[in-house]
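Inside the fold
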Amino acid sequence: MYLNLGLTAKALYLSYLGRPFQLRRWVIVTFFLSLLICFWVVVAIGRALDHILYPEFRRQKIRQPVFIIAPPRSGTTFLQKLLAKNRGTFAPVLMYQTIFPSITIQKIIQSVALASRQKGGLLFDISCWIERHCFGGWDGMHKMRFAEPEEDDGYFVYTFVTEAIYLLFPFTRALWGAGFADDLPPRQRRRLMRYYRSCLQRHLYLNGPEKILLSKATQLSGSIECLKAEFPDARIVNILRNPVESIPSHISVFYTVWNWVDPSIGKKSRESLEYAELAAAWFLHLEKNDITSRSENYLRIFYTDLVRRPDRAARSIYRHFGIPLTPSATRRIQKEAKRALEYKSSHQYTLEEYGLSAAWIKREVGGIMKRYDFRFSDRPTDRGSKR
């Protein structure tokens, strides 16, 4: 296990001592921090047992993995679930697998789940209850279920090097490295990626040693240099959405939690601005990668193309990387694409809602706006961006 002690200590200091005392915030942060500590210890024990019970996982090869990378609210979840319909080729990462990145623990969960199904589905009922009460409020923005493909942020929560920590510790500038690992010192970057590799090795060992790893992580937008150094043969799919649409939608997801933890945080706040700065930095970082990447290892898809013709976008990935696509997988992808086209988002956001402006967008990502002829719009944005 790896934990970035520097970021962890700074986050705790800022939360408990860096702001005036507020009982509500202290109680919520303490509760979830205690929960994380419990999970960290359990997972650490499980991973230690992996080395004893399943030492072969350390020799598991990760060949030409496929990573879907983009800032949040750019269609990454939708594309991941679309490609994951081809389970004969891909080994997508499921949510519960990111929470418990241990072969031993996952085998226990699978055994209990099997026994539960044979005795009336008690575990299933419990998990459904947790999903409804813990994740249900986000269904309109980002639907999460334990047994569905999910992004890799769960792996990184245990390291404290993840944008997810900003939910409880909204100090983006002070904790910049948590969301932008490429700015961390080289030693910390290497340790982070070694831990990540060990998680993916375990995943493939248990779920398909010969399959292609399919990973989706918005977090990797700020870690793409680390990723390419650790996985030189990685195949990266980047989705580009207009920052005017993506950034306010991005903030909206986190603002819901910020306001719950600390009702004094407004939409037009320091927290929103700092988080928007991170999103803009991700756009610029990915644009630099787009310019320097080799075509055989990289493909960019535009968000508008993805939502208009998702089946065509999915096929373009298979074709570009030379991945076989069976007729049955094609039918499953087409069925999922057709269902997705019927979805209409009810969530709408504007730059002004979070204290941003066209002038701010031009200053931060003006080059990208001009290069791709992205337009500014005064209309509320978010077209199906739960994807």
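See the structure above.
Residues numbered from 1 in each chain as written. Predicted model: local features only at pLDDT ≥ 70, side-chain atom pairs only at ≥ 80, totals over all residues. Heavy atoms only, no water.

This paragraph deals with the overall build of the chain. Regarding its fold elements, the chain presents 16 helices and 5 strands. The buried share among the 387 residues of the chain stands at 56%. Long-range contacts, defined as pairs at least 24 residues apart, comprise 81% of the intrachain contacts of the chain with a sequence gap of at least 6. Surface accessibility of the chain: about 17600 Å² in total, with carbon and sulfur atoms responsible for 59%. (Helix = DSSP H or I, 4+ residues; strand = E, 2+ residues; numbered from the N terminus. Buried < 20%, exposed > 50% of the residue type's maximum accessible area, 1.4 Å probe, protein only. Contact = heavy atoms within 4.5 Å. Areas by Shrake-Rupley, 256 points an atom, 1.4 Å probe, with all protein chains shown as cover.)

Let's shift gears to the packing of helix α12 (residues 270-292) against helix α16 (residues 358-371). Running from N to C, α12 and α16 cross one another at 25 degrees; their axes reach a closest spacing of 10 Å. In this view, α12 runs roughly parallel relative to α16, as classed from their interaxial angle. Where α12 crosses over α16, the handedness of that crossing is left-handed. Mapping the contact onto sequence places Leu273, Ala276, Glu277, Ala280, Phe283, Leu284, Glu287 and Ile291 in α12 and Trp360, Glu364, Val365, Ile368 and Arg371 in α16. (Axes fitted to C-alpha atoms, helices over the stretch in contact; angles between N-to-C directions. Parallel < 35°, antiparallel > 145°, perpendicular 65-115°, else oblique. Left-handed = near helix turned anticlockwise from the far one by under 90°.)

Moving on, we get to the sheet that holds strand β1 (residues 66-69). With parallel pairing, 5 strands are arranged side by side in an open sheet as β2-β3-β1-β4-β5. Two strands close off the open sheet at either side, each with one partner strand: β2 (90-92) and β5 (298-302). Each adjacent strand pair in this sheet contributes to an overall mean axis angle of 20 degrees, direction not counted. The pairing of strand β4 (residues 235-240) with β5 spans 5 bridges and is parallel. (Pairing = 2+ DSSP bridges.)

Moving on to the pattern of salt bridges. Counted under the stated rule, the structure contains 24 salt bridges. Residues Asp50 and Arg202 are paired through a salt bridge, measuring 2.7 Å at the closest nitrogen-oxygen approach. One end of the pair, Asp50, is in helix α2 (residues 23-53); the other, Arg202, is in helix α9 (residues 186-207), and 152 residues separate them in sequence. Pair check on accessibility: Asp50 and Arg202 agree, each one buried. Asp373 is paired through a salt bridge with Arg375; the nearest N and O atoms lie 4.0 Å apart. (Salt bridge = Lys/Arg side-chain N within 4 Å of Asp/Glu carboxyl O.)

Take unusual backbone geometry next. Located in the positive-phi region is Phe160, a residue other than glycine, with phi close to 70 degrees. Take Phe160: it is sitting in the loop between α7 (153-157) and α8 (176-179). Phi angles above zero are rare outside glycine, and Asp373 is one such case at about 55 degrees. With respect to the helices and strands, the residue Asp373 is situated in the segment after α16.

In this section: the pairing of strand β3 (residues 212-216). The buried fraction of β3 amounts to 5 of the 5 residues, a majority that puts the element mostly inside the structure. Along β3, one buried face is formed by Ile212, Leu214 and Lys216 and the opposite face, lined by Leu213 and Ser215, is buried too. Sheet analysis places β1 next to β3, joined by 3 bridges and oriented parallel. Residue pairing across strands places Val66 opposite Leu214, the latter belonging to β3. Two elements, β2 and β3, share 3 bridges in a ladder whose sense is parallel. Its bridge partner being in β3, Ala91 is matched across the sheet by Leu213.

Moving on, we come to the nonpolar core. Ranked by internal contacts, the top residues of the largest apolar core, which has 82 residues, are Phe67, Phe169, Leu175, Tyr196 and Ile247. Not counting chain neighbours up to four residues away, the residues in contact with Tyr196 comprise Phe67, Asp152, Tyr155, Phe156, Ser215, Leu220, Leu227 and Phe231. If you look at the next biggest cluster of nonpolar residues, it comprises 27 residues, including Phe90, Leu299, Ile317 and Ala340. (Core = buried A, V, L, I, M, F, W, Y, C linked by side-chain atoms within 4.5 Å.)

A separate point is the environment of Pro71. Structurally, Pro71 is set in the loop between β1 and α3 (76-83). C-alpha of Pro71 to C-alpha of Leu278: the two residues are 207 residues apart in sequence and 9.6 Å apart in space. Sequence-distant contacts of Pro71, that is, excluding residues within four places in its chain, are made with Thr218, Ser221, Ser246, Trp282, Phe283 and Leu286.

Bringing empty space enclosed by the protein into the picture now. As enumerated under the stated definition, the model contains 2 cavities of 30 Å³ or more in all. If you add up the space inside the largest cavity, you get close to 50 Å³. In terms of lining, the largest cavity is formed by Arg19, Arg25, Leu167, Leu168, Pro170, Trp258, Val261, Asp262 and Ile265. For the lining of the largest cavity, the class distribution of residues is 6 nonpolar, no polar and 3 charged. Quantified by volume, the second largest cavity comes out at close to 30 Å³. Considering the residues around the second largest cavity, the lining is formed by Pro71, Asn238, Ile239, Leu240, Phe283, Leu286, Glu287 and Arg300. A class-by-class count of the residues in the lining of the second largest cavity yields 5 nonpolar, 1 polar and 2 charged. (1 Å grid on protein atoms, 1.4 Å probe; cavity = no way out; pocket = protein on both sides within 12 Å on 5 of 7 lines; lining within 4 Å. Points joined across faces, edges and corners; volume = space filled by probe spheres on them. Nonpolar A, V, L, I, M, F, W, Y, C, P; charged D, E, K, R; others polar.)

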